[in-house]
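Coordinate inspection notes
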Amino acid sequence: MTELVDARPVDGLAAVEAVLGDATDLGNPFGHAAIGTHDDAGRLAPGLPQALTVAGLGAALVPEAHGGRLRGLDGLVRVLRAVDRRDPAAALALGVTPFMAWANVWVAGDAGQRDAVGRLLAAGERAACAYHELDHGNDLTANALTARPDGDGWVLTGRKEVISNADFCAAAVVFARTEARPGPRSHSLFLLDAAVLGDPRARTLPRYRTAGMRGVRLTGLDLDGCPVPGDAVLGTPGRATETALRCFQLSRVVLPGATLGLLDTMLRLAVTALRGRSLYGGTALDLPATREVLAAAFLDLLVADAHVRAVARAASAAPEHLGPLASGVKALVPEILVGAVDRLGLLLGSQFFLRDGTGATVQKLVRDARPTSFGHASQVTCLVSLLPHLLRCARPDGPAPTVPAVLFDATDVGPVDVSRLRVAAPAGDLLAARAAGEPAAGWDARVAALAADVRARGLADTRVDASAAALDAAHAWTCAQAAGACLGLSDAGRTPLADPLVRAAALTRLALQARRHEAPLTRAAREHLLDLLLARVEGRLTLDLDPDPTLA
Amino acid sequence: MTAVTAVTEMTAATRPGSLAESLADRIAADAATGGPFGPDATAARDEAERFPDDEVRLLDAWGGPAAFVPARLGGAPGDVHDLFDVVRVLAEHDLTLAVGYCKTYLGAAPVWVAGGPEQQAQVARLVMVEHAVASWGLTEPGRGSDLAAGTTRARRRPDGAWVLDGTKWPVNNASRGRLLTVLARTADRPGPAGTSVLLVDGADIGPGGRTPLPKARTHGIRGADISGVRFSEAVLPAGALVGQEGTGLRTTLLALQFTRMVTAALSVAALTSAHRVVGEFAHARELHGTRLARLPHAARVLADAAAALDLVVSGCRTALGTSATRPAELSVVSALVKAGVPTLAQRHLTALAQLYGARGYLAPGPVSDGRFARLERDHRIVAIFDGSTAVNRAGVVAQLPVVAARHAARHAAGPAAGGDLLDLLAAARDRRPADYGGATLLSRDGCTLLGVLTDPSAPGAAGVLAGALSATLEAGRALRTVADRQEPAAVQLVARLELLYLAAAVELRRRAGELADDRAERALSLAARQVQALPLDAEVAA
Ligand SMILES: Cc1cc2nc3c(=O)[nH]c(=O)nc-3n(C[C@H](O)[C@H](O)[C@H](O)COP(=O)(O)OP(=O)(O)OC[C@H]3O[C@@H](n4cnc5c(N)ncnc54)[C@H](O)[C@@H]3O)c2cc1C
Ligand SMILES: Cc1cc2nc3c(=O)[nH]c(=O)nc-3n(C[C@H](O)[C@H](O)[C@H](O)COP(=O)(O)OP(=O)(O)OC[C@H]3O[C@@H](n4cnc5c(N)ncnc54)[C@H](O)[C@@H]3O)c2cc1C
């Protein structure tokens, strides 16, 4: 089985792969073994941040217009995924977190703020994005850290907790309360620069230690009447919640999209380990049950990548529609990822549980996978945010959106115009609409039934206290979005999804997932996917849609 | 709100006056006075990946080893029922402790199954009086589940003594155990008939014959002594043979039928603790202007976990009863329990972890005692050792045709009122001892408990489950070839059967008045939903 290696260069990808070197080389300071040792000690591999900066990671986060090299989010995801394949903690600390901070500046900042932060990040400095308070979690509008006007500036008091990079950053975005009254217009965003962060009234909290992502420095800010200049406000005062809702659209795609790199590595290690495990006169890879888990995890990776890819491209091609699409990715992709990672861990058995060689790396990946699902915004938070959109899409007289072909092809999709991001998307769902017209695996009927269900439930069941059934409907809707993405990519040719067997298997798997059901692949699909997977591993190619060369 | 009541109900129910209760009380008292059972001490020990030596010493002094010895040999009067409860109590405290302490039961089980009277009395004495640790050497480096492929050899010398050569690894407590039961090849004949079990007593072997292998570091249960042992020309007395020569694999498989049902207690305990920790959090946490537990989604997660707990506890209860009254069915029952209980527990642990958010991910520190992150990590071993989920499922697939045929025959004889099955619960209630001699490699009677789910027209979830059971068994009968039986679709049937078994246990307890109707109905409808979530092929296509 041979596939064509995609010749389309992604800026930065090859450079990142090159500095990371051969993962299996025990002497490589950035190989699995070295990274595992440092991870155990709660740090990133020494030299890794600098090497990634040289490879252009910082520049990859920032758009061309602001001093970096970022064009479409799909390219960024591919670069971050290369880091994630090696060390998810490095990807979070050096890539995803600075990008999340940048997204706020990008969406709400003025020209000076964008240039300043853009330059810092492109040069490899770290940034922090401080929203979270332990007492309030996903409930953004309840956040308490307060900014009160003081002359030309502001004075900030309160704490931000469990924040990546907070004690080690050149800039921090802080979400603060500027009005005492409850509601969405009571918070503002502040950009703290090195001078403010160096003020003795801006202390950093001691480090939080976590089960995984141990190389990430999770600390916090403890601001005790810390003065901040007036030009540190990002965007219009009082509008931070709206800014968050817009810039989270970018991070809700980028974070899960990057994390798929972890599944790539896990799957690669599993294939190698099981092929080498003798069992019943053959190897563990001869057992149909083993083949099933591997093939299904590969399919999961392809499906999730299709979903991420289409939505990442929508950020450039149809930014007005991004909100519900990105919420769908953040709700579904981590569920697929964590499920696949857990099944692979179980399959590896003692080779997962014992902390040596493969086991050490696999354990780290299992631990590192977890925050993808609850971190940033929980699955439920994303599903709740989808409900009003669903209701709009479910109107019988709702417009049928035209789905841009560029979501699914391999052309340069162009830069993201963040000024076009909207808090509330127009009616119509670019991906679910594609699934609604598809009879295979019953998708057309399923989408119609979901719409009817949502209509019957009405507006009352679209809020934070949404019923479990409403959330189930929203979850099924995210699967419809993923199915739409798979169909679009399948029709566009080129990737494994174009193969009729893989296409059918993907649609069936998502149909099962929509009801949180599980059933094995057909034997033909399983064996076909496994052949493809083994050839990719053999050829040292990535296991997502585009087979990029990798030394992971 | 259903979830509110559930939190308080779901603590390990230990019987008054039992060994488990007395251990639970002493552990609580020790923890309260800053002893080694205290939460900080436990967290620190785990961080240091240290074996719970202090705890073990105390447990020994408190009479813990009686749990590992059959009642008829002077062990705990409640036999395996007491043992199950002890494992549960220890594991609710810390899984590492339970795994590290209770391994002695697994190491001794082959002797309870096949040992001669003198050997049994001797091992009982060593365990209870001398607090000897026993471990179980099945696995060999580079080889996992394929027990018959081991290369450890025991030769019989003309004087009757045995000479043992080979390596067992990874083995829990291998470097601590004075006693070690070893599965070894005693004849050149390939296959099961060439294997025997030998009981190694460290006191009999010179230092050269037995080299301990270093502790392996692990993902979870980090303080446990997962190590190994290498034998080179170790000489064992003639009396070391357990059971007949050539019955090693048979003895091992029979012993596993008992140990597997006890191992499931680890999952029951993990789910109990997780439900308690997250339930307390959700009831206290303010989110979106209310308490998290009041939001419908969170309430569902908690209620489902409580229902799952009723399912796993009930299934373990009927399995323990089976070991006393219908031991010949254990090959099916204990495999269903060992595969089904950890799987269901893990599913709900994952859901609870989501609800717990960042706190469930924090290591011990000011915000969190790290307990949840630890148990979530530790629990993953349960589906791997003592026969992985896949291995247990393979064992049931092979027996599906018989299970189906016996079920059909019983059904034809009339709907089961469950009356004849109530002895399963009575045996559990009366703490009747396990019948080690009654176990068989294959169950000729299938699985009688499933007979409570024979009426598809029954109201509520019981009817749905009965329909699902008959569809499952029908598909099981259609598996003709070995290749069919290896297909994932066949494995899926067993995954369904596990849930159906647990549901049948709940239904039986409901009929016996052990579970209130509404609580049973919640558990049954969870089981029904989860069985439907594992569709048969035909349903997928539809
Ligand atoms: C490795 C790591 C890095 C992090 N880095 C950062 C960072 O850089 N910056 C930052 O600001 N934060 C950071 N965080 C914090 C993270 O963003 C929070 O964990 C996240 O916001 C969730 O908050 P919480 O854990 O307090 O969960 P909570 O808000 O308490 O939510 C707990 C659970 O409640 C449930 N829930 C939520 N809403 C509803 C609803 N409407 N109905 C029913 N159930 C609901 C969900 O299951 C949710 O998971 C990081 C966390 C980790 C683990
Ligand atoms: C912490 C720990 C403690 C342990 N303690 C002991 C001990 O005290 N004594 C001891 O003897 N051993 C012990 N073991 C070994 C343990 O019992 C084995 O790891 C286990 O039997 C399974 O082997 P494996 O995980 O290496 O999987 P392998 O046998 O290598 O199998 C690989 C994969 O194939 C699957 N598989 C195997 N057979 C089948 C089948 N028939 N059908 C379908 N799939 C199948 C497995 O589930 C697994 O997913 C311990 C292991 C660990 C990690």
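Residues numbered from 1 in each chain as written. Chains lettered and ligands numbered in written order. Predicted model: local features only at pLDDT ≥ 70, side-chain atom pairs only at ≥ 80, totals over all residues. Heavy atoms only, no water.

The name recorded for chain A in an unreviewed UniProt entry is Acyl-CoA dehydrogenase, from Cellulomonas phragmiteti. A UniProt comment under Cofactor (unreviewed entry) is attached to chain A, and it reads "FAD". The record in UniProt for chain A states the following under Sequence similarities (unreviewed entry): "Belongs to the acyl-CoA dehydrogenase family." (UniProt positions renumbered as here; feature names shortened; annotations may be inferred.)

**Concerning the overall build of chain B**
The secondary structure content of chain B amounts to 19 helices and ten strands. Compactness check: chain B gives a C-alpha radius of gyration of 23 Å against a globular reference of 24 Å for 542 residues, within 12% of the reference. Referenced to the eigenvectors of the C-alpha coordinate spread, the extents of chain B come out at roughly 75 × 60 × 40 Å. Relative to its 542 residues, chain B shows a buried fraction of 61%. A total of about 18,600 Å² of accessible surface is found on chain B, and carbon and sulfur atoms cover 55% of it. (Helix = DSSP H or I, 4+ residues; strand = E, 2+ residues; numbered from the N terminus. Rg over C-alpha atoms; globule rule 2.2 N^0.38 Å. Buried < 20%, exposed > 50% of the residue type's maximum accessible area, 1.4 Å probe, protein only. Areas by Shrake-Rupley, 256 points an atom, 1.4 Å probe, with all protein chains shown as cover.)

**Regarding the interface of chain A and chain B**
With 56 residues of chain A in contact, the opposing surface of chain B contributes 56 residues. When chain A packs against chain B, close to 4,800 Å² is buried across both sides, 59% of that on carbon and sulfur atoms. The largest share of the area that chain A buries against chain B comes from Arg 209, Phe 353 and Arg 355 of chain A, three residues that together contribute 16% of it. Seen at the junction of chain A and chain B, the total is nine salt bridges. Linking chain A with chain B are 21 residue pairs in polar contact (both at pLDDT 80 or more), by the criterion used here. For the side of chain A that touches chain B, the element with the most residues is helix 13 (residues 358–369) of chain A, which contributes four residues. Split into classes, the residues belonging to the side of chain A that touches chain B amount to 23 nonpolar, 14 polar and 19 charged. (Contact = heavy atoms within 4.5 Å. Buried area = accessible area lost by both parts, 1.4 Å probe. Salt bridge = Lys/Arg side-chain N within 4 Å of Asp/Glu carboxyl O. Polar contact = N/O pair within 3.5 Å; in protein donor to acceptor, adjacent residues only side chain to side chain. Nonpolar A, V, L, I, M, F, W, Y, C, P; charged D, E, K, R; others polar.)

**Considerations on empty space enclosed by the protein**
Residues and elements named next belong to chain B. Across all of its chains, the model carries ten cavities of 30 Å³ or more by this definition. In this structure, the largest cavity encloses a volume near 120 Å³. Where the lining of the largest cavity is concerned, the elements lending two or more residues are helix 6 (95–114) and helix 8 (248–284). Of all the elements, helix 6 adds the most residues to the lining of the largest cavity, at six residues. (1 Å grid on protein atoms, 1.4 Å probe; cavity = no way out; pocket = protein on both sides within 12 Å on 5 of 7 lines; lining within 4 Å. Points joined across faces, edges and corners; volume = space filled by probe spheres on them.)

**A few points about the site of ligand 1**
Taken together, 28 residues lie near ligand 1, and Cys 129 and Asn 138 of chain A together with Arg 285, Gln 354 and Ala 358 of chain B sit nearest. Residue Asn 138 of chain A places a main-chain N or O atom 2.6 Å away from an oxygen atom belonging to ligand 1. A distance of 3.4 Å is found between an oxygen atom of ligand 1 and a backbone nitrogen or oxygen belonging to His 376 of chain A. Among the secondary structure elements, those contributing two or more residues to the shell around ligand 1 are strand 3 (153–164) and helix 15 (379–394) of chain A together with helix 10 (330–356) of chain B. At three residues, the largest contribution of residues to the shell around ligand 1 is made by strand 3 of chain A. In terms of residue class, the shell around ligand 1 is made up of 15 nonpolar, eleven polar and two charged. (Near = heavy atom within 4 Å.)

**Remarks on the site of ligand 2**
As a structural note, the neighbourhood of ligand 2 is formed by 28 residues, with Arg 277, Leu 347 and Ser 350 of chain A together with Thr 139 and Ser 145 of chain B the closest of them. A distance of 2.5 Å is found between an oxygen atom of ligand 2 and a backbone nitrogen or oxygen belonging to Leu 347 of chain A. At a separation of 2.7 Å, an oxygen atom of ligand 2 approaches a polar side-chain atom of Ser 388 of chain B. For ligand 2, the accessible surface in isolation is 970 Å², of which the surrounding protein chains cover 92%.

**Things to note about the packing of aromatic side chains**
Tallied over the entire structure, the rule returns eleven aromatic pairs over all chains. Seen from their ring centres, Tyr 131 of chain A and Phe 248 of chain A are 5.2 Å apart, and the 55 degrees between their planes marks the pair as tilted. Taken together, the residues span a long stretch of sequence, with Tyr 131 of chain A in the loop between strand 1 (127–130) and strand 2 (146–150) and Phe 248 of chain A in helix 9 (residues 240–275) at a distance of 117 residues. Exposure remark for Tyr 131 of chain A: the relative accessible area of 7% places this residue in the buried category. Measuring from ring centre to ring centre gives 5.2 Å for Trp 154 of chain A and Phe 190 of chain A, while their planes differ by 75 degrees; the resulting arrangement is edge-to-face. Note that Trp 154 of chain A is positioned in strand 3 and Phe 190 of chain A in strand 5 (residues 187–193), a separation of 36 residues in sequence. With relative accessibility at 0%, the residue Phe 190 of chain A sits in the buried group. The lysine or arginine in question, Arg 446 of chain A, covers the ring of Trp 443 of chain A, its NZ or CZ lying 4.5 Å from the ring centre. One Lys or Arg, Arg 176 of chain B, reaches over the ring of Phe 51 of chain B and ends 3.7 Å from the middle of that ring. (Phe/Tyr/Trp six-rings, centres within 6.5 Å; stacked < 30°, edge-to-face > 60°. Lys NZ or Arg CZ within 6 Å of the ring centre and 35° of its normal.)

**Some words on unusual backbone geometry**
Here the bond from Trp 169 of chain B into Pro 170 of chain B is cis, since omega is -10 degrees, no more than 30 degrees from zero. The backbone of Val 162 of chain A sits at a positive phi, close to 60 degrees, despite the residue not being glycine. Residue Val 162 of chain A is classed as buried on the basis of its relative accessible area of 16%. Even without being glycine, Glu 233 of chain B reaches a positive phi, approximately 50 degrees. The residue Glu 233 of chain B is located in strand 7 (residues 226–236) in this model. By relative accessible area, which is 56% here, Glu 233 of chain B ends up exposed.

**A look at the state of the cysteines**
As used in these notes, a disulfide is a covalent bond between sulfur atoms, one from each of two cysteines. Throughout the structure, instances matching the rule amount to zero disulfides over all chains. There is no disulfide at Cys 129 of chain A, and the cysteine sulfur nearest it, in Cys 247 of chain A, is 6.7 Å away. Using a relative accessible area of 13% as the deciding quantity, one classes Cys 129 of chain A as buried. The cysteine Cys 102 of chain B is free of any disulfide, with Cys 316 of chain B supplying the nearest cysteine sulfur at 14 Å. (Disulfide = S-S within 2.5 Å.)

**Some thoughts on the domain arrangement of chain A**
Residue and element names in this part refer to chain A. The domain architecture assigned to chain A consists of domain 1 (13–126) and domain 2 (129–238). The straight-line distance from the C-alpha centre of domain 1 to that of domain 2 is 23 Å. Domain 1 puts 22 residues into the contact, and the matching count from domain 2 is 21 residues. Of the roughly 1,800 Å² buried between domain 1 and domain 2, counting both surfaces, carbon and sulfur atoms make up 61%. When the buried area of domain 1 at its contact with domain 2 is split by residue, Asn 104, Gln 113 and Arg 126 rank highest and sum to 33% of it. Where domain 1 packs against domain 2, one counts zero salt bridges. Joining domain 1 to domain 2, the criterion identifies seven residue pairs in polar contact (both at pLDDT 80 or more). Of all the secondary-structure elements, those providing two or more residues to the side of domain 1 that touches domain 2 are helix 2 (32–40), helix 6 (88–108) and helix 7 (111–122). It is helix 6 that contributes the most residues to the side of domain 1 that touches domain 2, eleven residues altogether. (Domains from an automatic or database assignment.)

**Comments concerning the UniProt feature "domain: Acyl-CoA dehydrogenase/oxidase C-terminal" (unreviewed entry) in chain A**
The residues that UniProt annotates with the feature "domain: Acyl-CoA dehydrogenase/oxidase C-terminal" (unreviewed entry) are residues 243–374 of chain A. The span residues 243–374 of chain A is 83% helical and 3% strand by assignment, and the distance between its end C-alpha atoms comes to 21 Å.

**Comments concerning the nonpolar core**
Core analysis: the biggest nonpolar cluster contains 333 residues, and Phe 99, Leu 250, Leu 294 and Trp 443 of chain A together with Tyr 105, Leu 465 and Tyr 501 of chain B have the highest contact counts within it. Discounting residues that sit within four places of it in the chain, Tyr 105 of chain B has contacts with Phe 68, Val 80, Leu 83, Trp 112, Phe 258, Thr 259, Val 262 and Tyr 436 of chain B. Grouped together as the second largest cluster of nonpolar side chains are 23 residues, Ala 166, Ala 172, Ala 176 and Phe 190 of chain A included. (Core = buried A, V, L, I, M, F, W, Y, C linked by side-chain atoms within 4.5 Å.)

**Describing helix 3 (residues 39–47) of chain B**
Every buried residue belonging to helix 3 of chain B is among Thr 42, Ala 43, Arg 45 and Asp 46 of chain B, and all of these are buried. Buried residues in helix 3 of chain B, looked at end-on, bunch into an arc of 165 degrees, giving them a common side. (Arc of directions from axis to C-beta.)

**Topic: the pattern of salt bridges**
Taken as a whole, this structure holds 84 salt bridges over all chains when the rule is applied. Across the pair Asp 87 of chain A and Lys 364 of chain A runs a salt bridge, and its minimum N-O distance is 2.8 Å. Here Lys 364 of chain A lies in helix 13 and Asp 87 of chain A lies in the loop between helix 5 (73–86) and helix 6, a separation of 277 residues in the sequence. Across the pair, exposure class does not vary: Asp 87 of chain A and Lys 364 of chain A are buried alike. Arg 510 of chain B is the partner of Asp 517 of chain B in a salt bridge, and the nearest nitrogen-oxygen pair spans 3.2 Å. Linked through salt bridges whose partners overlap, the residues forming this network are Asp 39, Asp 87, Lys 364, Arg 367 and Asp 368 of chain A.

**Some points on the layout of surface pockets**
All names here are of chain A. Roughly 560 Å³ of volume is contained in the second largest pocket. What lines the second largest pocket is a set of 26 residues, among which His 32, Ala 33, Gly 357, Thr 358 and Thr 361 lie closest to the centre. Of all the secondary structure elements, the ones that give two or more residues to the lining of the second largest pocket are helix 2, helix 9 and helix 13. Taken together, the residues of the lining of the second largest pocket break down into seven nonpolar, nine polar and ten charged.

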